[in-house]
Amino acid sequence: MTPEKLFHELLGLGLNWEVIESRFERESGTVYLEIRETAKLWELVRCPEEGGMVFCYDHTEVLTWRHLNVFQHRCEITCRLPRGKCRQCGHIFRVRPPWEGLSTHFTKEFEAFALLLMREMPMSKVAEAVGETDTRLWRMLFRQVDAAYAEADFSNVCCVGVDELSVRKGHEYISVFADLVKKRVLFATEGKGRETWAKFVAALEKHNGHRHAITQASMDMSPAYQRGVADNCRNAQVVFDKFHVIKNANAAVDKVRRAEVRLGGKGVWEALYKSQWLWRKNPEHLTEPEQERLADIKNKQLATAKAYQMRLVLQDIYRLPAANSARRRFQVWCRWVRWVARFYKASLLGSMVKLAQMIERHLLGILAHWKWGVTNAFMEGLNSVFSATKRKARGYRSTTHLITMLYFTAGKLRLPHF
Ligand SMILES: [Zn+2]
C-alpha cells in the first residue's frame, strides 16, 4: 500500500476524492496531503439551486485545511477545489469537500479536537497548544456555536431565571436567561432593562418556545425585570429567589459597616478595619481568629454586629418548611428590625430598615420560593460559571465573544455541529 492509499483510507475519502501526493517538509515539520476530485464526483454533485446536473467548470487556487496531527507533526490538506456549473441554470459554485469543517481553514476532525480543548482551557492556551491564531479559533467557535444555537429547542421551557452579570467591573451588564429545569443558559443580551425581556421572548419563540408557557420567572428585586415579565409573560409568577434576598442582606450589612466606620467613635475603626469579609460568612464557616474578632466586635455593641445578626436571623427563615410560617417570621423580622433601629444613633441601621421595607413590598414573590425554590440552584451557580467564561475568553471582552463563550460552556448545545 502506498502512503497515498493509506491516507486515503485513514481520511475515509471514498470514491469521489483521492490523495494524489503526501509529503513531509522537514523544515516546517508539516505533513502535506494533496487531494483531488475523481471523475466519479460529477455523477453525484447537483446544483444547489434546483438540483440540476453539473459539469466541472474550473478549479480554485490551492486551498489549505488544518487537520489532526500525524505523529505530532502538523498536518495540512491542500486541494484545488473544483467549481461546478449547472447545465440548466448556469449557476457556478464551489464544491464543498467532505472534510471541511464550519470554518474554511480547518477540517471537521480538527474542529472537534479544538472544541474539546476549549472545554478545558482558555482560548489563548488552546491557540498556543495547537499552534493557531486565536482569531481563527474564535471564528471557528462563532460558526460552531451559531449553527448549534440555531437548532436549539426551547419548546418545553417553563421555569426561567434571569440575572444581570457584569462584563466589566461596575458597568456594562449583560442579562442572562436560563432554563431552570434543564439547567442551561437560553439567551443572553446586553443591558439589564425591561427591554431585555422582549428580546428574550423573541429568541424563545424563534426556538419553538412560548411566552405564555412560562409559569415561573426567578430574579432579583430590580423593578426593570418585573416590568419586563408583566409586559411579556402573563402566566409567569415572579419569584425572588433566596440567593438574591441574602445578597441584598449582605449589601445592607456592608452599608451599615461603612456608615459606622465613617461615623467613628472610640475603637470603632480598629474593630471594623478590613472586616467586610467576616460579615459575608456564616458563623460555622469562620476560622478561629475570625470568631474571636467577631466576639470582640459584639462586645463593643457595634451596629454592624447587630446588622449581621439580623442577616443570620433572616437567613434562618429559609429553613422553615412551609410558606405560611415563613410569612409570619418575615413579618416579625421586619417589625423587629424597625424596633431595634430606633436605638441606634444617626440611623446607622437605615439600610436594614430599607431592606425590611423591600421585603414587605416583595413578600409574595419571596414566599414563592417555598413553591419553586428547588429549581433555583442553577441561578446561584451562574455567577461562577460566568467568571469561568470570562477567564476562558481572556483578552476578548467584547460582549459577543463572552456571550458566544457562555453559550458554548453553559448552553448545553450539541457540539461539534456538522
Ligand atoms: Zn441550477
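Just above, that's the structure.
Here the structure is a predicted model, which means the values were calculated and not measured.

> Help me get a handle on the pattern of salt bridges, residues and values and all.
Inspection of every chain in the model, using the stated rule, returns 20 salt bridges. Between R23 and E25 there is a salt bridge, with its nearest N and O atoms 3.8 Å apart. The class of E25 is partly exposed, set by a relative accessible area of 27%. In this structure, R319 engages D316 in a salt bridge whose closest nitrogen and oxygen atoms are separated by 3.5 Å.

> An account of the sheet that holds strand β7 (residues 171-179) is needed here, citing residue identities and associated values.
Ordered in space as β8-β7-β6-β9-β10, the five strands form an open sheet in which the pairing is mixed. A strand with exactly one partner marks an edge of an open sheet, and here the two such strands are β8 (184-190) and β10 (237-240). Within the sheet, the average angular offset between the axes of one strand and its neighbour, ignoring direction, is 25°. Along the sheet face, helix α6 (residues 195-206) touches β6 (159-168), β7, β8 and β9 (216-219) and points at about 135° away from the line of β8. Packing of helix α7 (residues 223-232) onto the sheet brings it into contact with β6, β7, β9 and β10, and relative to β9 it is tilted by some 165°.

> Account for a nonpolar patch on the surface, naming residues and giving values.
Together, M1, L6 and L10 make up an exposed nonpolar region whose accessible area comes to about 370 Å². Checked against the element boundaries, M1 lands in the segment before α1 (3-11).

> Now, about the layout of surface pockets: what can you tell me, with residues and values included?
Within this model, the largest pocket holds a volume of roughly 810 Å³. The wall of the largest pocket is formed by 23 residues, among which F243, H244, K247, N248 and A251 lie closest to the centre. Of all the secondary structure elements, the ones that give two or more residues to the lining of the largest pocket are β6, α8 (242-263) and α10 (276-280). A per-element tally of the lining of the largest pocket places α8 first, with nine residues. Tallied by class, residues from the lining of the largest pocket come to seven nonpolar, seven polar and nine charged. In this structure, the second largest pocket spans a volume of roughly 220 Å³.

> Tell me about the coordination of the zinc ion, residues and numbers included.
The zinc ion binds to the protein through C47 (SG), C86 (SG) and C89 (SG); the donor distances cover 2.3 to 2.4 Å. Relative accessible area serves as the criterion here: at 3%, C86 is assigned to the buried category.

> How would you sum up the pairing of strand β1 (residues 17-25)? Please name residues and give values.
In terms of strand pairing, β1 meets strand β2 (residues 30-37) through eight bridges, oriented antiparallel. Paired with E21 across the strands is E34, a residue of β2.

> So what's going on with the packing of aromatic side chains? Which residues, and what values?
As enumerated under the stated definition, the model contains 16 aromatic pairs in all. Relative to W99, the ring of W17 has its centre 5.1 Å away and its plane inclined at 75°; by these criteria the two rings are edge-to-face. Residue W17 is found in strand β1, and its partner W99 is found in the loop between β5 (92-94) and α3 (108-120); the two are separated by 82 residues along the sequence. Neither W17 nor W99 differs from the other in exposure class; each is buried. With 5.1 Å between their ring centres and 70° between their planes, W279 and Y308 make a pair best called edge-to-face. Pair noted here: W279 is in helix α10 and Y308 is in helix α12 (residues 303-317), with a separation of 29 residues, a long-range link. Grouping residues by exposure puts W279 and Y308 together as buried. The positively charged end of K192 is found above the aromatic ring belonging to Y173, 4.1 Å away from the centroid.

Rules of the game
Residues numbered from 1 in each chain as written. Predicted model: local features only at pLDDT ≥ 70, side-chain atom pairs only at ≥ 80, totals over all residues. Heavy atoms only, no water. Salt bridge = Lys/Arg side-chain N within 4 Å of Asp/Glu carboxyl O. Buried < 20%, exposed > 50% of the residue type's maximum accessible area, 1.4 Å probe, protein only. Pairing = 2+ DSSP bridges. Helix = DSSP H or I, 4+ residues; strand = E, 2+ residues; numbered from the N terminus. Axes fitted to C-alpha atoms, helices over the stretch in contact; angles between N-to-C directions. Contact = heavy atoms within 4.5 Å. Patch = residues over 30% accessible without salt bridge, like charges linked within 9 Å, V, L, I, M, F, W, Y side chains within 5 Å. Areas by Shrake-Rupley, 256 points an atom, 1.4 Å probe, with all protein chains shown as cover. 1 Å grid on protein atoms, 1.4 Å probe; cavity = no way out; pocket = protein on both sides within 12 Å on 5 of 7 lines; lining within 4 Å. Points joined across faces, edges and corners; volume = space filled by probe spheres on them. Nonpolar A, V, L, I, M, F, W, Y, C, P; charged D, E, K, R; others polar. Donors = N, O, S within 2.8 Å, 3.2 Å for Na, K, Ca; no water. Phe/Tyr/Trp six-rings, centres within 6.5 Å; stacked < 30°, edge-to-face > 60°. Lys NZ or Arg CZ within 6 Å of the ring centre and 35° of its normal.

Any link to function would need more than the numbers given here.
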